[in-house]
Amino acid sequence: MTLWGGRYRGSSDRRMRRFCDSIAFDHRLKTVDVKGSIAYANALQQAECISLDERELLLSGLQRILQEFEAGEFLFVEEDEDIHTAVERRLTELVGQVAGKLHTGRSRNDQVATDLRLYLLEQIALLDGALAALQTAIVTKAQMHLGVIMPGYTHMQQAQPLLFSHWLMSFFWKLQRDRERLAESRKRTAVMPLGAGAIAGHPFGVDREALAAELGFRAVTQNSVDAVGDRDFVVEFLAWAGLLQVHLSGLAEDLVVWSSREFGFLAVDEAFTTGSSLMPQKRNPDALELMRAKTGRIVGHLVTMLAVLKGLPSGYCKDLQEDKEAVFDAVDTLCEELRLAAQIVLTLQIDGDRMAAALDEAMLSTDLADYLVRKGVPFRESHRLVGLAVRRAEDLGVALSHLPWEEYVAIDPRFERDLHGVFDFEMSVNRRTAVGGTARGAVETQIARAQLLLNHTRSTRE
Ligand code: ARG
């Protein structure tokens with residue numbers, strides 16, 4: 001059965017049909033499609049487009065279809081072009097001609113846009129939960145290893161000592177922003193296009209506000225032309241996904257590098273690594289490598305969608321059907337990655353000794369410059385003086401802390417005997433006490449704030 005058979009004399013080309021059909025992927029909208037129809041049947045009855053009996057008949061059929069979907073008993077047939085057609089075909093089989101009334105004033109154009117938004121709203125809730133779980137894993141791990149010091153890197157060169165927990169917590173805040181952005185784009189996703197019809201609006205006066213409330217939308221679209229062609233919410237979602245993916249790839253990369261033998265700062269639990277078919281000693285971080293690589297496809301989905309939308313004429317065009325696979329794949333990929341990332345973080349084996357062994361004293365040069373600053377030397381000057389000391393130590397082939405005091409005094413008399421107190425990694429870390437710094441106390445405060453945020457979002461979601 002096609003929904004548009006009337007004006008056609010013959011049947012359509014099979015290959016064209018296969019090319020155009022979306023059932024292979026949009027079957028994933030099955031539950032939301034039926035839920036949308038249930039609410040729409042109610043709205044039609046309230047607008048007196050259908051009788052109470054007709055509504056009951058439609059609802060019984062739709063409920064049955066839901067059950068069939070849940071039990072995996074719904075049988076798709078060759079002619080099912082997309083999920084909307086499939087549901088209507090089955091409804092006709094179940095309740096007869098009255099099924100044809102359900103599409104009164106509705107087009108697949110407003111229907112599919114509504115379905116996709118409903119689907120995405122469900123997935124956004126799941127993704128937010130998965131993000132919170134990863135944040136929780138990060139906080140738990142940061143608390144477990146509080147006090148472990150590691151080199152902090154800029155340009156991938158040793159820069160300043162850091163608490164391992166401080167590095168790890170840096171990902172908490174990236175994910176926090178991801179959650180904020182998700183909540184923000186959710187607002188624009190939760191706007192209902194249903195009632196826009198094909199392009200011009202609803203001719204039977206359905207109460208769209210009531211319909212929206214029943215479906216859990218927070219508002220209705222204000223322009224039917226915009227409503228059927230608008231996929232901004234898809235672009236926003238995919239852009240959001242792209243940035244989250246970039247964050248995950250960064251986490252993955254740090255872990256891949258630090259679990260290498262050269263660093264050995266940590267080990268990824270065996271359960272999340274694989275061996276080599278040739279080299280018996282290998283423990284490859286495949287899952288993390290893929291987490292790095294998935295960025296290609298997620299960013300690709302965003303580019304796909306922008307390219308599909310670019311230059312489209314107003315209203316609905318079949319081009320828009322291309323939105324769904326991008327969304328489905330982004331959702332699946334990210335859900336999987338977030339769950340894996342939480343497990344990987346929780347089971348990381350941290351090697352504090354290896355981290356300590358890697359700490360190069362040169363990283364305390366800034367602390368030495370700060371030492372002079374505390375004696376009133378302007379930072380620019382102290383930076384230059386310490387630079388001279390670094391060069392002198394290099395010339396003599398000694399570490400900065402082993403450069404004799406006389407050498408320091410020769411560079412500047414404001415270096416005093418207490419300067420050697422600077423060469424202590426723990427003290428260096430613990431001097432960074434300002435909010436957001438790596439001092440143990442500051443990191444404890446940071447973790448407490450993170451936990452507050454987690455508890456807050458937990459209670460608002462419940
Ligand atoms: N499968 C279509 C899509 O995903 C449903 C909407 C079809 N509308 C139409 N006028 N052909 O966009």
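The structure under discussion appears in the preceding block.
Residues numbered from 1 in each chain as written. Predicted model: local features only at pLDDT ≥ 70, side-chain atom pairs only at ≥ 80, totals over all residues. Heavy atoms only, no water.

**Thoughts on the packing of helix α6 (residues 108-144) against helix α7 (residues 164-189)**
To describe two helices that pack against each other, one gives the angle between their axes and the distance between the axes.
Move 1: Where α6 meets α7, the axes come as close as 9 Å, and the angle between the chain directions of the two elements is 165 degrees. It follows from the interaxial angle that α6 and α7 lie roughly antiparallel. Handedness of the crossing formed by α6 with α7: left-handed.
Move 2: Class assignment of the residues belonging to the contact of α6 with α7 gives a composition of 16 nonpolar, 4 polar and 7 charged. (Axes fitted to C-alpha atoms, helices over the stretch in contact; angles between N-to-C directions. Helix = DSSP H or I, 4+ residues; strand = E, 2+ residues; numbered from the N terminus. Parallel < 35°, antiparallel > 145°, perpendicular 65-115°, else oblique. Left-handed = near helix turned anticlockwise from the far one by under 90°. Nonpolar A, V, L, I, M, F, W, Y, C, P; charged D, E, K, R; others polar.)

**Digging into the site of the ligand**
Move 1: Around the ligand lies a shell formed by Ser22, Asp26, Asp82, His84, Arg108, Asn109, Val112, Tyr316, Gln321 and Lys324.
Move 2: The contact in question runs from a nitrogen atom of the ligand to an N or O atom on the side chain of Asp82, over 3.2 Å.
Move 3: One nitrogen or oxygen atom from the side chain of Lys324 is found 2.6 Å from an oxygen atom belonging to the ligand.
Move 4: When the ligand is considered free in solution it has 340 Å² of accessible area, and contact with the protein chains removes 86% of it.
Move 5: With 3 residues, α6 is the largest single contributor of residues to the shell around the ligand.
Move 6: Of the residues belonging to the shell around the ligand, the class tally is 2 nonpolar, 4 polar and 4 charged. (Near = heavy atom within 4 Å. Polar contact = N/O pair within 3.5 Å; in protein donor to acceptor, adjacent residues only side chain to side chain. Areas by Shrake-Rupley, 256 points an atom, 1.4 Å probe, with all protein chains shown as cover.)

**Looking at the pairing of strand β1 (residues 149-154)**
Looking along a regular strand, one sees the side chains alternate between the two faces of the sheet.
Move 1: Where β1 meets strand β2 (residues 157-163), 6 bridges bridge the pair, whose relative direction is antiparallel. Counterpart to Tyr153 in the pairing with β2 is Gln158.
Move 2: Hairpin connection between β1 and β2: a loop of 2 residues separates the two successive antiparallel strands, and His155 in this loop has a positive phi of roughly 55 degrees. (Pairing = 2+ DSSP bridges.)

Functional significance is not addressed by these values, which are geometric in nature.
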